[in-house]
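Take a look at the letters that make up each chain.
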Amino acid sequence: MISELASAVSAAASVAKLAHGALKLAKQAGLQQVLLDFNTQVIELQGKIMAASAKYEELAKIKDEAVKKLVAYENWNKKAARYLLTELAPGILVYAQKPDVKNTEPPHYLCPYCFEKLKRSILQRPSADSTNYVCHECKFQAHPSATPPHLHRIFKLFSVFSPEFFLI
Ligand SMILES: [Zn+2]
């Protein structure tokens, strides 16, 4: 399409050149006005072809961008299908790996806000003994437990003792 338009523009330019040359010759023959009108129409045609060519370029660019977005959206859908909205603690929702999907990655949670923006952002604990999770992309924080996980394990080990035991 582009090469056809380019050749049409080139042909119109050649015709305009010929018409201009013929106009000079026609001055003696009395055909000046006819050739002048012809020359004007050729120039108008050349302008329309150039405008159509520019429009085609613009539409081709829009189409390329739409295809890129579609591919990115399809890739996101494949990734997103591996996760499920999960309640990490009462009222704290995150995305977790579906148990029935084979994963090569260690268990992790995704930020629910970034997920809605089609972005995969893994929630991280700031340190090994932290009780919260942080999204480094949007700064979302989840505090599922007031007790660090390693203390949960210790409390579980000593669950035979009453809670007052730990206050000593
Ligand atoms: Zn986030």
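What counts as what
Residues numbered from 1 in each chain as written. Predicted model: local features only at pLDDT ≥ 70, side-chain atom pairs only at ≥ 80, totals over all residues. Helix = DSSP H or I, 4+ residues; strand = E, 2+ residues; numbered from the N terminus. Buried ≥ 20, exposed ≤ 12 C-beta atoms within 10 Å, placed from the backbone. Contact = placed C-beta atoms within 7 Å. Core = buried A, V, L, I, M, F, W, Y, C linked by C-beta atoms within 7 Å. Pairing = 2+ DSSP bridges. Expected span 1.5 Å × (residues − 1). pLDDT = per-residue confidence, 0-100.

(A) Quick look at the overall build of the protein. Counting its regular elements, the protein contains four helices and five strands. Listing every helix and strand of the protein by position from the N terminus yields α-α-β-β-β-α-β-β-α. The 168 residues of the protein split such that 8% are buried. Taking contacts inside the protein between residues at least 6 apart in sequence as the whole, the part at least 24 apart equals 33%.

(B) Region of the structure containing unusual backbone geometry. Even without glycine at this site, Leu-118 takes up a positive phi of about 60°. The class for Leu-118 is partly exposed, based on 13 C-beta atoms found within 10 Å. Phi at Lys-139 takes a positive value of approximately 70°, unusual for a residue other than glycine. When you line up the elements, Lys-139 lands in the loop between strand E4 (133–134) and strand E5 (141–142).

(C) Highlighting the environment of Ala-96. Structurally, the position occupied by Ala-96 is in strand E2 (residues 92–97). Along the primary structure Ala-96 and Tyr-109 are separated by 13 residues, whereas in three dimensions their C-alpha atoms are 4.8 Å apart. In contact with Ala-96, other than residues within four places in its own chain, are Tyr-83, Leu-84, Thr-86 and Tyr-109.

(D) Local environment of the nonpolar core. Of all hydrophobic cores here, the largest spans nine residues; its members are Val-94, Tyr-95, Tyr-109, Leu-110, Cys-111, Leu-123, Tyr-133, Cys-135 and Ala-142. Elements represented by at least two residues in this core include exactly E2 and strand E3 (109–110). Not counting residues up to four positions away in its chain, the partners in contact with Leu-110 are Tyr-83, Val-94, Tyr-95, Phe-115, Arg-120, Ser-121, Ile-122 and Leu-123.

(E) Spatial organisation of the sheet that holds strand E1 (residues 83–89). Spatially, E1-E2-E3 is the arrangement adopted by the three strands of the open sheet, whose pairing is antiparallel. Of all the strands in the sheet, the pair left with one neighbour each is E1 and E3. As defined by bridge partners, E1 adjoins E2 across six bridges and the pair is classed as antiparallel. Looking across to E2, one finds that Leu-85 is bridged to Tyr-95.

(F) Structural context of helix H2 (residues 32–80). When the terminal C-alpha atoms of H2 are compared, their 72 Å separation across 49 residues agrees well with the 72 Å that a helix rising 1.5 Å per residue should span. In terms of burial, H2 is largely open, as just two of its 49 residues are buried.

(G) Looking closely at the confidence of the model for the protein. Per-residue confidence for the protein gives a mean pLDDT of 83, with 83% of residues at or over 70. Between residues 158–168, whose pLDDT stays under 50, and residues either more than four places distant or in other chains, the model counts zero contacts.

(H) How the structure looks around the pairing of E2. Pairing between E2 and E3: two bridges, direction antiparallel. Counterpart to Tyr-95 in the pairing with E3 is Leu-110.

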